[in-house]
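One letter stands for each residue in the lines below.
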Amino acid sequence: HGNPANSTGLVQGALRLFAIPRFVTYAMTLSFTSAVFFSFLGGAPHIMVDVLERTPMEYGLWFMAVSSGYMLGNFLSGRFTQRVGIDRMMLYGCAITVLGGMLCLGSAISGFLAPATLFVPMAFAALGNGLTIPNGTAGAISVDPRLTGAAAGWSGFTQMAFGAAASQLVGSLQNDWPFAVFWFMAGASMLALASHVMAMRRP
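Report follows, based on the coordinates. Computed from a prediction, not measured in an experiment: that's the story for all the values here.

This part takes up unusual backbone geometry. The backbone phi angle of glutamate 53 is positive, close to 55°, even though this residue is not glycine. Of note, glutamate 53 is situated in the loop between helix H2 (21–51) and helix H3 (56–84).

Now for the packing of H2 against helix H4 (residues 86–109). Contact geometry of H2 with H4 gives a least axis separation of 11 Å together with a crossing angle of 30°. By the criterion of interaxial angle, the relationship of H2 to H4 is roughly parallel. In the crossing of H2 with H4, the sense of the turn from one axis to the other is left-handed. Between H2, through Arg22, Tyr26, Thr29 and Val36, and H4, the contact on the second element is made entirely by Ile86, Asp87, Met90, Cys94 and Thr97. Its residues placed into classes, the contact of H2 with H4 shows five nonpolar, two polar and two charged.

Cut-offs used in this document
Residues numbered from 1 in each chain as written. Predicted model: local features only at pLDDT ≥ 70, side-chain atom pairs only at ≥ 80, totals over all residues. Heavy atoms only, no water. Helix = DSSP H or I, 4+ residues; strand = E, 2+ residues; numbered from the N terminus. Axes fitted to C-alpha atoms, helices over the stretch in contact; angles between N-to-C directions. Parallel < 35°, antiparallel > 145°, perpendicular 65-115°, else oblique. Left-handed = near helix turned anticlockwise from the far one by under 90°. Contact = heavy atoms within 4.5 Å. Nonpolar A, V, L, I, M, F, W, Y, C, P; charged D, E, K, R; others polar.

Take a look at the structure:
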């Protein structure tokens, strides 16, 4: 039998969490950061295969740069967060993601679109994600020690929801608007940075 108290606790936990501005700003930073990555996943295959007329095999090989960027970000997070602090690591991560998103957009609208100008900037954005996401998750679950489980669940849920929405939107828009992916990545990276700057300003 399902325990009604569990579902009540889940809703109460959400209400208490989303009443904490610091949790909301961490969750928003994580969500917009995820949206950058999922926008890329939704749009990059179309750009690579249909626009640049490369093979799926080439897409897979170039994607290794993105995976490497994310792994490097995670490694740096593990190595330096204790010394630098969660919020500053997230700030660096968000700034690097903005740089990657803007470079991707710039290469697209200036006509210099190629596999390298698509995947190298995205590797920077993935590096930024690797700095932001572990630290943002740690920040979100530390806002109230009594709500750690709920904070982990709800921050994860908002990340997945934003990511899925971004991927779906890019996928549905790209036939009429091939560069949708780049605008979404640039916009989401800017919103992630803005959310985090707001979080840092809160006491």
